[in-house]
Amino acid sequence: MTNLPPIACQWADPVIITVAPNGAYKLPTDHPRVPITPATLAATAKACLDAGAAMIHMHIRDAQGRHSLDVEGYREAERVVRNAVGDAMVVQVTSEAAGVYRAPAQIAMVNELQPEAVSIGLREIDQPEIGEAGLQRFFSGLTERQTMVQVILYDVVDLRRWQGLRASGVVPDAPWFLLFVLGRYSAGQTSNPRDLLPFLAAHDGPEPWAVCAFGPAENTCVTAATLFGGHARVGFENNLRRKDGSTAPDNTALVLQAVEAAVALGRPLATASDIRQRFRAG
C-alpha cells in the first residue's frame, strides 16, 4: 500500500497559485508575452494577480536577456513590481543556477538581497563546497530573517535528502514550503500527473507542497495536486500551452485554468496575506 493522502483532504485549505512567467531561458522569441524586463514583469504580475495568483516566481535577466542573479537587478525589479501590485502579491525570487552560478554565489545573493520569499533548489546548494555546516548556517539565517522559503525537489531522492537534513537538525524547524517538480528528467521533459504519486507516497512531513509541470499536461498536473491538497505553480517558465493544446495568449490564461480547477474542486484561493501568515518563520 502506498502512503497517499486521502482525496477528501483539507478542502478549506486555500490554494496558493503562483505564476512563473519567464524562467531562466524563455525569451520573447519563444512567445512575445514572455516578460524579461521590470516593466513587463510588473504588468504580468498585475494581470495575474487580478486573475487569482497570489505569488509571482520571478527571474531577472541581464542586458543581453540572459539569466541573472544580480542583486541590484533584483532590487530594481522588485521595486517596479511592487509599484504595480503593492502588498497584494508575494514576490518570490529565484536562486536558480541555470548553468551560470554555483552554490556559494547563489547563497551569497540570497543573503545580500534578503528577499521576502525565495525558491531554493536543494540539489543546487547541497554541494561539497558548502557542506552540512554551511547548509545549517544558510537555512538558520533564512529562518531568523523570517524569509519565506520554497525548497525545490526534483525527485524522491531529493525529498529523502531533505527529510534527512530535517531529521538531523541541519535544517531547523520552520514553515518550509516544498515544490515537487514533475517530469524534469522524463523523456522530452514532459510531465504527467502520475509523476506526482511517488512524491505523495514518500512525503511524510508537515510541509505544505506545490507542483510545477512541463508541457501541455501542466493543467492536468496542477489539478491533480489541487485534488490531493497541494498548491500550484503555472506559467511560461515551464509551459506555453493551454489544456486544449493551443498556445496560451499570455501567462494569465494559465493562471485562469488553475483557478478554474480550484473552483471546480471546491477549494478557495489563497491571498498574499494567507501566504505570509503561513510561511513567515518565527
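Source: prediction; values computed, not measured.

Student: Give me the pattern of salt bridges: which residues, what numbers.
Tutor: This structure, assessed with the given rule, holds 18 salt bridges. Note that E72 is salt-bridged to R75, the shortest N-O span being 2.7 Å. Of this pair, E72 and R75 are both found in helix α2 (residues 71–85), 3 residues apart, which corresponds to roughly one turn of the helix. What makes R75 partly exposed here is its relative accessible area of 34%.

Student: Tell me what's going on with the side chain of N239, and back it up with residues and numbers.
Tutor: Here N239 is to be found in the loop between β10 (231–234) and α9 (251–264). A polar atom in the side chain of N239 sits 2.7 Å from the backbone oxygen of R241. Discounting chain neighbours no more than four positions away, the residues touching N239 are K26, A213, G215, P216, E218 and L254.

Student: Before we move on, can you summarise the packing of helix α1 (residues 38–51) against α9 with the specific residues and values?
Tutor: Packed helices, taken two at a time, are described by the angle between their axes plus the distance between the axes. Following both chains from N to C, one finds α1 and α9 inclined at 20°, their axes separated by 9 Å at the closest point. Classified by the angle between their axes, α1 and α9 sit roughly parallel to one another. Considering the relative orientation of α1 and α9, their crossing is right-handed. Residue-level inspection shows T44, A47, C48 and A51 of α1 in contact with α9, the latter providing N251, T252, V255, L256 and V259.

Student: I'd love a proper account of α9, names of residues and values included.
Tutor: Given a rise of 1.5 Å per residue, 14 residues ought to cover 20 Å, and the 20 Å separating the end C-alpha atoms of α9 matches this to within 8%. Counting buried positions along α9 yields 10 of 14 residues, so the element is predominantly enclosed. Where α9 is concerned, the buried positions are N251, T252, A253, L254, V255, Q257, A258, V259, A261 and A262. Taken together, the buried residues of α9 touch β1 (17–19), α1, α8 (218–227) and β10. Between a side-chain oxygen at the N-terminus of α9 and the backbone nitrogen of T252 the separation is 3.2 Å; the capping residue is D250.

Student: Describe the sheet that holds strand β5 (residues 90–94), with residues and values.
Tutor: Pairing is parallel around the closed barrel formed by 8 strands, whose spatial order is β1-β2-β5-β6-β7-β8-β9-β10. Geometrically, the sheet is characterised by an average inter-axis angle of 25° between neighbouring strands, direction not taken into account. Bridging between strand β8 (residues 177–182) and strand β9 (residues 209–213) involves 5 bridges; their strand directions are parallel. Its bridge partner lying in β9, V181 is registered against C212. Set on the sheet, helix α6 (residues 156–168) makes contact with β7 (148–153) and β8; between it and β7 the angle comes to about 135°.

Student: Can you break down the packing of aromatic side chains residue by residue, with the values?
Tutor: For the coordinates displayed, the defined rule picks out 7 aromatic pairs. Plain terms: the ring middles of F180 and F199 are 4.5 Å apart, the flat faces sit at 15° to each other, and that makes the pair stacked. Highlighted residues: F180 in strand β8 and F199 in helix α7 (residues 196–202), separated in sequence by 19 residues. Within the aromatic cluster, the residues linked to one another by ring pairs are F138, F139, W162 and W176.

Student: Any details on helix α5 (residues 131–144)? Residues and values, ideally.
Tutor: Relative to the 20 Å expected for 14 residues at 1.5 Å per residue, α5 spans 20 Å between its end C-alpha atoms, a close match to the ideal helical length. Within α5, burial applies to G134, L135, F138, F139, G141, L142 and T143. Elements in contact with the buried residues of α5: α3 (103–113), β6 (117–121), α4 (122–125), β7 and α6.

Student: Outline the layout of surface pockets, supporting the account with residue identities and numerical values.
Tutor: There is about 440 Å³ of room inside the largest pocket. Lining the largest pocket are 27 residues, with Y25, E96, Y154, R184 and E237 positioned closest to its centre. Of all the elements in the fold, those that place two or more residues in the lining of the largest pocket are β6, α4 and β8. By residue number, the principal contributor to the lining of the largest pocket is β6, which donates 3 residues. Here the lining of the largest pocket is composed, by residue class, of 11 nonpolar, 9 polar and 7 charged.

Student: Outline the pairing of strand β2 (residues 55–58), listing residues and values.
Tutor: Going residue by residue along β2, you find M55 and H57 tucked away on one face and I56 and M58 tucked away on the opposite face as well. Each parallel crossover has a hand, and for β1 linked through α1 to β2 it is right-handed. When β2 meets β5, the two strands line up parallel, connected through 4 bridges. Bridging from a neighbouring strand, M55 pairs with V90 of β5.

Conventions adopted
Residues numbered from 1 in each chain as written. Predicted model: local features only at pLDDT ≥ 70, side-chain atom pairs only at ≥ 80, totals over all residues. Heavy atoms only, no water. Salt bridge = Lys/Arg side-chain N within 4 Å of Asp/Glu carboxyl O. Helix = DSSP H or I, 4+ residues; strand = E, 2+ residues; numbered from the N terminus. Buried < 20%, exposed > 50% of the residue type's maximum accessible area, 1.4 Å probe, protein only. Polar contact = N/O pair within 3.5 Å; in protein donor to acceptor, adjacent residues only side chain to side chain. Contact = heavy atoms within 4.5 Å. Axes fitted to C-alpha atoms, helices over the stretch in contact; angles between N-to-C directions. Parallel < 35°, antiparallel > 145°, perpendicular 65-115°, else oblique. Left-handed = near helix turned anticlockwise from the far one by under 90°. Expected span 1.5 Å × (residues − 1). Pairing = 2+ DSSP bridges. Phe/Tyr/Trp six-rings, centres within 6.5 Å; stacked < 30°, edge-to-face > 60°. 1 Å grid on protein atoms, 1.4 Å probe; cavity = no way out; pocket = protein on both sides within 12 Å on 5 of 7 lines; lining within 4 Å. Points joined across faces, edges and corners; volume = space filled by probe spheres on them. Nonpolar A, V, L, I, M, F, W, Y, C, P; charged D, E, K, R; others polar. Right-handed = clockwise from strand over helix to strand, strands pointing away.

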